Amino acid sequence: MKNVREKVFVCEWRIPRKIEFDRKDPLAYHMLVCDDGTQEPIATGRILPTGEISRVAVLMHFRNKDVDKLVLDGLLKVAKELKLTEVFIHSPLDSVEYFRKHHFNVVGTVFMEAGIPRQRMACPIEDVSSAHYYLSH
C-alpha cells in the first residue's frame, strides 16, 4: 500500500511524505489491489469510519484499466459493513463537475489541502454504489 501511494502521490504529485502518510492511516480501512500475474500491488485506497474516501492511487500503467473501480467497490463494501449512510471525498476543483454527474453534492466552501484547492463532496451510499467514476487523492 505504501509503495503505491509513494509512487503516485509523493513522486508524481509531489505531495510531501509527511502529509501523504497522516495520522488518519491507522484509523482507516485500506484496500489493496494486486496484479493477477505478478501479484505486485498496483492500486490502493482508504475509507475512514467517518465515510471519507481518500488516498485512492493507481500506478500509471494501470490507469486505463478501471482498477480504480475495484478499489472503490471494496471501499463501498466496507462503508456498507460500517452501516454508513453517506460517503464523501475532497475533490480537486477541476473534478467537481465530474463528481456532480455521479450523485456527489458540493458541501461547504473550497479549501486547501496539500497545496491543492479542494471541494468537499458527499453522496448517499445507495447513490454512489451505482456510479462509475475515478477517485484520486
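Keep in mind the model is a prediction, meaning the values are calculated, not measured.

## Notes on the environment of Leu-76
Its location among the elements puts Leu-76 in helix α3 (residues 67-81). With 22 residues separating them in the primary sequence, Leu-76 and Ser-54 have C-alpha atoms 12 Å apart.

## Regarding the pattern of salt bridges
As enumerated under the stated definition, the model contains 12 salt bridges in all. One salt bridge in this structure joins Arg-17 and Glu-6, with 3.0 Å as the shortest N-O distance. Within this pair, whereas Arg-17 is found in helix α2 (residues 17-20), its partner Glu-6 is found in helix α1 (residues 2-12), the two being separated by 11 residues in sequence. Residue Arg-17 is classed as partly exposed on the basis of its relative accessible area, which comes to 45%. Looking at Glu-6, the relative accessible area reads 22%, which means it is partly exposed.

## A few points about the sheet that holds strand β1 (residues 29-34)
Note: strands within a sheet are paired through backbone hydrogen bonds, in either parallel or antiparallel orientation. In spatial order, the strands read β1-β2-β3; together these three strands make up an open sheet with antiparallel pairing. Since the sheet does not close on itself, it has two edges, and those belong to β1 and β3 (53-58), each with one partner. Neighbouring strand axes in the sheet, compared pairwise and without regard to direction, differ in orientation by 10 degrees on average. Two strands pair when backbone bridges link them, and β1 and strand β2 (residues 41-47) are joined in this way by six bridges, in the antiparallel orientation. Residue pairing across strands places His-30 opposite Arg-46, the latter belonging to β2. Running over the sheet, α3 touches β1, β2 and β3 and is turned about 35 degrees from β2.

## Details of α3
In this model, α3 (15 residues) spans 22 Å end to end at C-alpha, consistent with the 21 Å of a helix rising 1.5 Å per residue. Among the residues of α3, Val-67, Asp-68, Val-71, Leu-72, Gly-74, Leu-75, Leu-76, Val-78 and Ala-79 are the ones counted as buried. Positive phi shows up at Lys-83, right after α3, with a value of about 60 degrees.

Parameters at a glance
Along each chain, residue indices are assigned from 1 in the same order as the chain's sequence is written. Where local features are concerned, this predicted model is filtered to residues with pLDDT of at least 70; where side-chain atom pairs are given and counted, the filter is 80 or more; whole-chain, interface and lining totals use all residues. Side-chain metrics in this entry use all non-hydrogen atoms of the structure; hydrogen atoms and water are not considered. Runs of H or I in DSSP of at least four residues are treated as helices and runs of E of at least two as strands, each being numbered from the N terminus. The salt bridge criterion pairs a side-chain nitrogen of Lys or Arg with a carboxyl oxygen of Asp or Glu, the two atoms within 4 Å. Under the scheme applied here, a residue whose accessible area is under 20% of the maximum for its type counts as buried, over 50% as exposed, and between as partly exposed, the area being computed with a 1.4 Å probe on protein chains only. Whether two strands pair comes down to DSSP finding at least two bridges between them. Simply put, an axis is a line fit to the C-alpha atoms, just over the touching stretch for a helix, and the angle between two N-to-C directions goes from 0 to 180 degrees. Residue contacts follow a heavy-atom distance rule, with two residues in contact if any of their heavy atoms lie within 4.5 Å. Here the expected span of a helix is defined as 1.5 Å times the quantity of residues minus one.

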